[in-house]
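# A structural walkthrough
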Amino acid sequence: MTRVRTRFAPSPTGFMHIGNLRTALYAYLLAKSSGGDFILRIEDTDRARYVEGAVEFIEKTLEAAHIIPDEGPHHGGKFAPYVQSERMPIYKKYAEQLIESGHAYRCFCQQSEEQSDGEKKFGGYDRHCRDLSQAEIEKNLADGLPYVIRQKMPLAGETTFFDVLHGNITIANSELEDQVLLKRDGMPTYNFANVIDDHLMEVSHIIRGTEFITSTPKHVLLYQFFGWEPPTFIHPAPVMGKAADGTISKLSKRHGATSFNDLIQAGYLPEAITNYVALLGWSPKNSNQEIFSMDELIAAFSLEGLSKSPAVFDYDKLDWMSGEYFKRMSDEQFADSARSFVELDDNLSSKWTFLAGLLKTRVSKLSDIQPAIRFLIEKPPFDAELFVNKKNKITVEKSIEIITPALGAIEAIDDWTLETIGAAIAAFTTSTGLKVGTVMWPLRVGLSGQKVTPGGVNEILYLLGKKNSIARLNETLDNLRAL
RNA sequence: GGCGCCUUGGUCAAGCGGUUAAGACUCCAGCCUCUCACGCUGGCUACAUGGGUUCGAAUCCCAUAGGCGUCACCA
């Protein structure tokens, strides 16, 4: 059995779409699950679309996602170069070989040429250049006429190829246009370069989007023309997005964050993103496991688990998975990863690990943190409504009755630690003879200025510090009495 | 429009001729609880439609519908 070699072949657009990331992931998992190689190849044959620095961006993104190429532009490998624009002589050689064997021809048609008869027309050219005499060709060449090299498709019959997900797919050759192999500028088209490179680089399995299904017969014909063995094809369905109005379409900008980078910036962990994306179109056999480390994905991956229907990207589920990753981290780890997403004052930054521990189970992405802790830095405006709570039998009067003596108890705390605070508040609560909830409600609301807080009274007191806590409670008291 | 692919709850998704049609997310209810969250219990919701084949079909076949893709000197 030949060695499994897969490749990820993005064009350098400076953007790593989630769908691309998933394709890369599957290719990587397939290779690694069978001890093979994963290749990164840059398909930069469209000069107009080239984005400066995009290659480095792709490499950095893959690295962040823990998808590490064995061969690539900056990873080396015996089939270098791995950037198509650096392989032009190779494509030229094979294109000419095809002309000689009668499977390709020089086409001198202008791009905008119109065809008037009722014959089937392919992209502004007809097939008359197929029949040019050698003399005509020589003349055109001598005149310096620009030309492209086109693949000479069989006019009859059909081409069948096997796709792991879809089985045999057959397309009539009459549906196939004479594909341009070499463009006017000498660059190869995708449809040509990928065949040459995949063969030369000994790629065994091609994983790419379904948008390539209909052009695969062209590739298969090329393999036949050259007498090469075609690789195994796998065409997973695209990742879809759901718009606000419920319509479903290929995941794009209108659906929000759609690139790996967008998601990182929103504060999702790379591991969580990779994990979630892996499950969008793949599921493990004989298991319901959902949380996977990269090593576990490699161990569990198999082509049989791939789905052939499109999957809708679900931010709710990503949020859940993200939360699962947070919960499995230690407070220290979480505090560390979240640190760059928050701005803290000196007081809070000295208690950051503790605060982070409180937040860990309450956020689904790191960018949720800052809004959740703002009340600790700046107290929200007074709102009397907050001091009325039916369930805990709290009213404004009752709040004043509780906060006033509580202030005394708080002022009496010398050593400001979570333990001493907890003990003092517990003792105070007991002394009032009231239910815990009844006592805590006005205190928490009075301290935080909001109904919902991460952590309870003890934690907030600790985080705020003695001086600040007392100041806030006094202010609250003033406001309540003024009503 | 031609050609191709796809179709199990709102979403992901098991299932490969015989099941009470898994599991997860979301949502709802309850428990826990000083709020929220976590955790725990439980619940709602699905085989696109119509024909076959078969003792028996979500599973096989054929239509129909809908969705998606493709028809570039982009990938």
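Just so you know, these numbers come straight off a predicted model, no measurement behind them.

Let's shift gears to the overall build of chain A. When its secondary structure is counted, chain A shows 19 helices and twelve strands. Seen through its principal axes, chain A has C-alpha atoms that stretch 105 × 50 × 35 Å. A total of 483 residues make up chain A; the buried ones form 50% of that total. Here the contacts in chain A between residues at least 6 apart in sequence split such that 74% fall between residues at least 24 apart. When the accessible area of chain A is evaluated, it comes to approximately 22,500 Å², of which 51% is carbon and sulfur surface. One way to put it: in chain A the 52 positive side-chain charges average out to a point 4 Å from where the 63 negative ones average out.

This part covers the layout of surface pockets. The volume enclosed by the largest pocket comes to roughly 940 Å³. Looking at the largest pocket, it is lined by 37 residues, and the ones nearest its centre are Ala9, Ser11, Asn20, Glu211 and Phe212. Broken down by element, the lining of the largest pocket gets its largest block of residues, five residues, from helix 1 (residues 18-33). Here the lining of the largest pocket is composed, by residue class, of 16 nonpolar, eleven polar and ten charged. Here the second largest pocket defines a volume of roughly 250 Å³. Forming the boundary of the second largest pocket are 13 residues, of which Thr2, Arg3, Glu202, Val203 and Ser204 lie nearest the centre. By residue class, the composition of the lining of the second largest pocket is five nonpolar, four polar and four charged.

Okay, the packing of helix 3 (residues 88-100) against helix 5 (residues 190-200) next. Running from N to C, helix 3 and helix 5 cross one another at 105 degrees; their axes reach a closest spacing of 10 Å. What the angle tells us is that helix 3 and helix 5 run roughly perpendicular. Facing Ile90, Tyr91, Tyr94, Ala95 and Leu98 of helix 3, the residues of helix 5 in contact are Phe192, Ala193, Ile196, Asp197 and Leu200.

With that out of the way, let us pick up the confidence of the model for chain A. Of all residues in chain A, 97% have pLDDT values of 70 or greater, and the mean over the chain is 94. Low pLDDT, under 50, characterises residues 113-119; the stretch is placed with nine contacts to residues that sit more than four places away or in other chains. As scored by the predictor, the complex reaches a pTM of 0.95 and an ipTM of 0.96.

Lining the immediate surroundings of RNA strand B are 58 residues, of which Thr45, Lys183, Arg184, Thr361 and Arg362 lie closest. Looking at RNA strand B alone, sugar and phosphate atoms form 73% of those within 4 Å of the protein. Between RNA strand B and Thr45 there is a distance of 2.4 Å, counted from a phosphate oxygen to a side-chain nitrogen or oxygen. Within the contact set of RNA strand B, a sugar or linking oxygen lies 3.2 Å away from a side-chain nitrogen or oxygen of Asp46. With five residues, helix 17 (residues 436-448) is the single largest residue contributor to the surface near RNA strand B. Residue classes in the surface near RNA strand B are distributed as 19 nonpolar, 18 polar and 21 charged.

Right, let's talk about the side chain of Glu59 for a bit. Positionally, Glu59 belongs in helix 2 (residues 54-64). Although Glu59 is buried, it forms no salt bridge, and the closest oppositely charged side chain is Lys60 at an N-O distance of 9.7 Å. Aside from chain neighbours lying at most four places away, what touches Glu59 is Leu40, Pro73, His74 and His75.

The next point concerns the nonpolar core. Membership of the largest hydrophobic core comes to 102 residues, with the highest contact counts inside it found for Leu29, Ile67, Phe313, Phe334, Trp352, Ile369 and Leu376. By residue number, the principal contributor to this core is helix 1, which donates ten residues. Counting residues in hydrophobic clusters, the runner-up holds 32 residues, among them Ala193, Ile196, Val220 and Phe226.

Read from one edge of the open sheet, three strands run 11-10-12, paired in mixed fashion. Of all strands in the sheet, those bounded by a partner on one side alone are strand 11 (248-250) and strand 12 (311-312). Of the pairings in the sheet, the one linking strand 10 (residues 239-242) to strand 11 comprises three bridges and is antiparallel in character. Note on strand 11: the bridge partner recorded for Met240 is Lys250.

What counts, and at which threshold
Residue numbering note: each chain is counted from 1, following its sequence as written. Chain letters start at A and ligand numbers start at 1, both assigned in the order the entries are written. In view of the model being predicted, local features appear only for residues whose pLDDT reaches at least 70, and side-chain atom pairs are presented and counted only at 80 or more, with totals across whole chains, interfaces and linings using the full set of residues. As a rule here, side-chain values cover all heavy atoms of the structure and leave hydrogens and water aside. Numbering of helices and strands runs from the N terminus; a helix is a DSSP stretch of H or I covering at least four residues, while a strand is a stretch of E covering at least two. For each residue, the accessible area found with a 1.4 Å probe, counting protein chains only, is set against the maximum for its type, and the residue is called buried under 20%, exposed over 50%, and partly exposed in between. Working rule for contacts: check all heavy atoms of both residues, and any pair within 4.5 Å makes them a contact. Throughout, the Shrake-Rupley method with a 1.4 Å probe supplies accessible areas, and for residues the shown protein chains are the sole cover considered. Under this rule, positive means Lys or Arg and negative means Asp or Glu; His and the chain ends count for nothing. Just so you know, the charge point we use is NZ for Lys, CZ for Arg, CG for Asp and CD for Glu. Two kinds of site are reported from a 1 Å grid over the protein atoms alone, namely cavities, where a 1.4 Å probe fits but cannot get out, and pockets, open sets with protein on both sides within 12 Å along at least five of seven lines, and residues are called lining when an atom falls within 4 Å of a point. Grid points are joined across faces, edges and corners, and a volume is the space filled by probe spheres set on the points. Here the term charged refers only to Asp, Glu, Lys and Arg, the term nonpolar to Ala, Val, Leu, Ile, Met, Phe, Trp, Tyr, Cys and Pro, and the term polar to all other amino acids, Gly among them. Throughout, an axis means a line fitted to C-alpha atoms (over the contacting stretch in the case of helices), and angles, computed between N-to-C directions, take values from 0 to 180 degrees. Note on terminology: angles under 35 degrees are roughly parallel, angles over 145 are roughly antiparallel, angles of 65 to 115 are roughly perpendicular, and the others are oblique. How sure the predictor is of each residue is captured by pLDDT, a score from 0 to 100. By convention in this text, a residue qualifies as near a molecule or strand provided that one of its non-hydrogen atoms is within 4 Å of it. A 3.5 Å cut-off defines polar contacts: any pair of N or O atoms within that distance qualifies, except that in protein one atom must be a possible hydrogen donor and the other a possible acceptor, and neighbouring residues in sequence count only when both atoms are side-chain atoms. The working definition used for a salt bridge is a side-chain nitrogen of Lys or Arg within 4 Å of a carboxyl oxygen of Asp or Glu. Note on terminology: a nonpolar core comprises buried Ala, Val, Leu, Ile, Met, Phe, Trp, Tyr and Cys residues joined through side-chain atoms within 4.5 Å. Think of it this way: DSSP has to see at least two bridges between two strands before they count as a pair.

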